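# Geometric and topological summary
Here is how the chains run, residue by residue.
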Amino acid sequence: MKILGVNALFHDPAAALVIDGETVAAAEEERFSRRKHGHRPVPFAAWELPELAARWCLEHAGLDISEIDAVAYSYDPALARPADELGLDDPWDHLRQTYARRAPGFLATALPGLDPADVRFVPHHVAHAASAGLAAPHETCDVLVLDGRGESASHLAGRYDGGELEVLRTQELPHSLGLLYETVTEHLGFLRSSDEYKVMALASYGRPRFLDELRRTVYPTGDGGFRTEPVDWQSLVKQRRPDEPWTSDHADLAASVQHRLEEVLLDLAGWLRGRTRGSVLTLAGGVALNCVANTRLFTDSGYDQVWVQPAAGDAGTALGGALHVARAVGDTTSPMPGADLGRGWSDDDLEAALTTARVPFERPRDVAEAVAECLADNGVVAWFQGRSEYGPRALGRRSLLAHPGHEKNLERLNDVKGREQFRPVAPMVLADRAPAIFGRGPLPSRYMLFVHDVDAGWRDRIPAVVHVDGTARVQTVDAEDEPLMARVLRGFERRTGLPVVINTSLNTAGRPMVDDPRDALECFGSAPVDLLAIGPFVVRRAAPRGTA
Ligand SMILES: [Fe+2]
């Protein structure tokens, strides 16, 4: 069966295509519309559909919408309740229900030829759960979903066995660890529903000195659920305006919330494991993008393995919804093949794009060697290869690469990207070298969703990728899965003795990740990047006028 998955209602609109149980394509709307996160997560914008991503999914598979057997929409308005009944202060939330109920009609307008009767509503957290339990390479696994909110809950705990989900516990709103984290994100002067990872980074600079207060208001109930009572944030630390510098008070508050989140997650995971005696935990929902908490779950929850959906935020519900419906109609589903599920271009297409743009380019004998050479000379490389990533992490398809041995490269990359200086950049490492350098977190770590401790002997050798607390968010590269990137890493190691490069997403501040060749050229043209490696071609930065 051919199932199109659609996420639209809250965050990160996205589309995915599952054919006969195989994941064929998945992409976020922001990569096409060039508007970060697609739309703001407000009720007024909830009608906006991932039209461009959905059309591309069909085009990629050579399908007409009339050939689609079902469309999975990752929200079920029949499960929703009025916001005031849920204890939420969201007077326009009813718009979401209205838009969701009308989604079949909207979709039929956006995708002419679609029969609205083919649209199926999938409960939001079931879609999240499927994006973990059915996409992970484990036939049997436990699943924890934690996000801001779904129809009326913020959490689901369950187990997948033979593709069937058994729901063991949900937590009703207004209690929500995702909304708690969003609220503190806003209080600390960052953008709600977008900048939560900045709070996580800031937490490393602080001490959790407000933990006692938070333990009184945010606590597990011992039955697999939890409470998040209102917190008087202002009494703890005065709200930071976005333009104000952050202080140790802000870092301490971030550290306290982060620490408490980890404690509650460990309790929820412990309860689930107590019920199932499972050995594999899979995670989805926006909270599962918290790499520090994920590592805590890996080290302290008792599970042998933890697998996290790389598009753990709402974008992933497009894929999860489609996988869920595929199972419901009787298909056997396969694990997702990787995160590179977005758009890709042939060498001929790339050559045509470079020729049209009239930029001087060359085709070196081996692009990997040309890149390794540039990185060893301390150049910054824009790396555009293969199909783009599903989810927020650059995993070697649309990346900025640099030398990790020069401490100043952290500042340099944050300047290239226009980001705050407390933000870390991450290391990419050959999988077979990783255990000697990185510990504590799980290895291999293909999707960059855990933090690892950097071995003391290596911290001075790769200072640019070591966060203030001695950790790094590692992506391991397996030579069999990623032969080209592995050759870059080997070439770089041969020249420098370091099997590690800096990898951060290919974009500038506030913009979505580069997706197509034009985006790559625009980014290269406007940012101080030395080399663009695009398919087998390279574009070199000309020497500034007066220095040649
Ligand atoms: Fe969600």
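Provided above is the structure to which this section pertains.
Presented here is a report on the structure given in the accompanying data block. (Residues numbered from 1 in each chain as written. Predicted model: local features only at pLDDT ≥ 70, side-chain atom pairs only at ≥ 80, totals over all residues. Heavy atoms only, no water.)

## Some remarks on the overall build of the chain
Within the chain, the regular secondary structure consists of 19 helices and 22 strands. For 548 residues, the compact-globule estimate of 2.2 N^0.38 gives 24 Å, and the C-alpha radius of gyration of the chain, at 23 Å, lies within 12% of that figure. Dimensions of the chain, computed from the C-alpha atoms along their principal axes, are close to 70 × 60 × 45 Å. By the burial criterion, 60% of the 548 residues in the chain qualify as buried. A separation threshold of at least 6 residues defines the contact pool for the chain, and within that pool the share at least 24 residues apart is 73%. Carbon and sulfur atoms form 48% of the exposed surface of the chain, whose accessible area is close to 21100 Å². Distance between charge centroids for the chain: 4 Å, based on 59 positive and 78 negative side chains. (Helix = DSSP H or I, 4+ residues; strand = E, 2+ residues; numbered from the N terminus. Rg over C-alpha atoms; globule rule 2.2 N^0.38 Å. Buried < 20%, exposed > 50% of the residue type's maximum accessible area, 1.4 Å probe, protein only. Contact = heavy atoms within 4.5 Å. Areas by Shrake-Rupley, 256 points an atom, 1.4 Å probe, with all protein chains shown as cover. Lys, Arg positive; Asp, Glu negative; His and termini not counted. Charge placed at Lys NZ, Arg CZ, Asp CG, Glu CD.)

## What to know about the pairing of strand 22 (residues 537–540)
One ladder, built from four bridges, connects strand 21 (residues 531–534) with strand 22; its direction is antiparallel. Counterpart to Ile534 in the pairing with strand 22 is Phe537. A loop of two residues connects strand 21 with strand 22, the two strands running antiparallel in sequence, and Gly535 in this loop sits at a positive phi of about 60°. (Pairing = 2+ DSSP bridges.)

## With respect to the state of the cysteines
Enumeration over the complete set of coordinates arrives at zero disulfides. The structure places no disulfide on Cys374, whose sulfur is separated from the nearest cysteine sulfur, that of Cys523, by 15 Å. The exposure class assigned to Cys374 is buried, which follows from its relative accessible area of 12%. (Disulfide = S-S within 2.5 Å.)

## Some details on the layout of surface pockets
To locate leftover empty space, one rolls a probe as large as a water molecule over the atoms. Considered as a void within the structure, the second largest pocket measures approximately 800 Å³ in volume. If you tally residues by element for the lining of the second largest pocket, the top one is helix 6 (residues 177–187), at five residues. Looking at the lining of the second largest pocket residue by residue, the classes come out as 15 nonpolar, eight polar and nine charged. (1 Å grid on protein atoms, 1.4 Å probe; cavity = no way out; pocket = protein on both sides within 12 Å on 5 of 7 lines; lining within 4 Å. Points joined across faces, edges and corners; volume = space filled by probe spheres on them. Nonpolar A, V, L, I, M, F, W, Y, C, P; charged D, E, K, R; others polar.)

## Considerations on the coordination of the iron ion
Coordination of the iron ion by the protein is provided by His124 (NE2), His128 (NE2), Asp147 (OD) and Asp314 (OD), with metal-donor distances spanning 2.0 to 2.3 Å. For the iron ion, the four donor atoms in the first shell make angles of 85 to 171° at the metal, so the coordination geometry reads as irregular. Sequence spacing of the donors to the iron ion: H-x3-H-x18-D-x166-D. Separated by 190 residues along the polypeptide, His124 in helix 5 (residues 124–133) and Asp314 in the loop between strand 12 (305–308) and helix 12 (316–328) bring together distant segments of the chain. For the pair His124 and Asp314, one class covers both residues: buried. (Donors = N, O, S within 2.8 Å, 3.2 Å for Na, K, Ca; no water. Tetrahedral: all angles 85-135°; square planar, octahedral: opposite > 155°, others 65-115°.)

## Focus: unusual backbone geometry
The omega torsion of the bond from Leu173 to Pro174 falls at 10°, within 30 degrees of zero and hence cis. Relative to the helices and strands, Pro174 is located in the loop between strand 8 (164–172) and helix 6. In this structure, the amide linkage connecting Leu443 to the following residue, Pro444, adopts the cis form with an omega of -5°. The topology assignment puts Pro444 in the loop between strand 16 (438–439) and strand 17 (452–454). With phi around 65°, His37 is a residue other than glycine that occupies positive phi space. Examined against the element boundaries, His37 turns out to sit in the loop between helix 1 (30–33) and helix 2 (51–61).

## What to know about the packing of helix 6 against helix 7 (residues 196–203)
Following both chains from N to C, one finds helix 6 and helix 7 inclined at 75°, their axes separated by 9 Å at the closest point. Considering the angle they form, helix 6 stands roughly perpendicular to helix 7. Note on element contacts: helix 7 touches helix 6 through Glu196, Val199 and Met200, opposite Tyr181, Glu182, Val184 and Thr185. Among the residues making up the contact of helix 6 with helix 7, the classes are represented as four nonpolar, one polar and two charged. (Axes fitted to C-alpha atoms, helices over the stretch in contact; angles between N-to-C directions. Parallel < 35°, antiparallel > 145°, perpendicular 65-115°, else oblique.)

## Quick look at helix 19 (residues 517–526)
Within the span of helix 19, buried status applies to Pro517, Asp519, Ala520, Leu521, Cys523 and Phe524. Lining the buried residues of helix 19 we find helix 1, helix 13 (347–357), strand 13 (381–384), strand 21 and strand 22.

## What about the nonpolar core?
Note on soluble globular proteins: their nonpolar side chains tend to be buried together. In this structure, Leu177, Trp233 and Tyr390 are the most contacted members of the largest nonpolar core, which totals 91 residues. Looking at this core element by element, the count peaks at 13 residues for helix 10 (residues 248–276). Membership of the second largest hydrophobic core comes to 59 residues, among which are Ala370, Leu400, Leu410 and Ala533. (Core = buried A, V, L, I, M, F, W, Y, C linked by side-chain atoms within 4.5 Å.)

## Let's talk about the packing of aromatic side chains
In the structure shown here, the tally under the stated rule is nine aromatic pairs. When the ring of Phe32 is compared with that of Trp56, the centres are 6.1 Å apart and the planes differ by 40°; the resulting orientation is tilted. Linking Phe32 in helix 1 with Trp56 in helix 2, this pair joins segments that are 24 residues apart in sequence. The pair Phe32 / Trp56 is uniform in exposure class, with both members buried. Each ring, one from Phe361 and one from Phe537, has its centre 5.5 Å from the other, and the planes form 85°; the classification is edge-to-face. Within this pair, whereas Phe361 is found in the loop between helix 13 and helix 14 (367–376), its partner Phe537 is found in strand 22, the two being separated by 176 residues in sequence. The side chain of Arg461 reaches across the aromatic face of Trp458, ending 4.1 Å from its centre. Positioned above the aromatic ring of Phe524, the side-chain terminus of Arg541 is 4.4 Å from the ring centre. (Phe/Tyr/Trp six-rings, centres within 6.5 Å; stacked < 30°, edge-to-face > 60°. Lys NZ or Arg CZ within 6 Å of the ring centre and 35° of its normal.)

## Quick word on the pattern of salt bridges
Tallied over the entire structure, the rule returns 38 salt bridges. Arg192 is paired through a salt bridge with Glu182; the nearest N and O atoms lie 3.4 Å apart. Of this pair, Arg192 sits in the loop between helix 6 and helix 7 while Glu182 is found in helix 6, placing the two residues ten residues apart along the sequence. A salt bridge links Glu263 to Arg260; the shortest N-O distance between them is 2.5 Å. Taken together, the residues Glu263 and Arg260, both in helix 10 and three residues apart, mark about one turn of the helix. For the residue pair Glu263 and Arg260, the accessibility class agrees, reading buried in each case. Via salt bridges that share partners, Asp90, Asp93, Arg96 and Arg149 belong to a single interconnected network. (Salt bridge = Lys/Arg side-chain N within 4 Å of Asp/Glu carboxyl O.)

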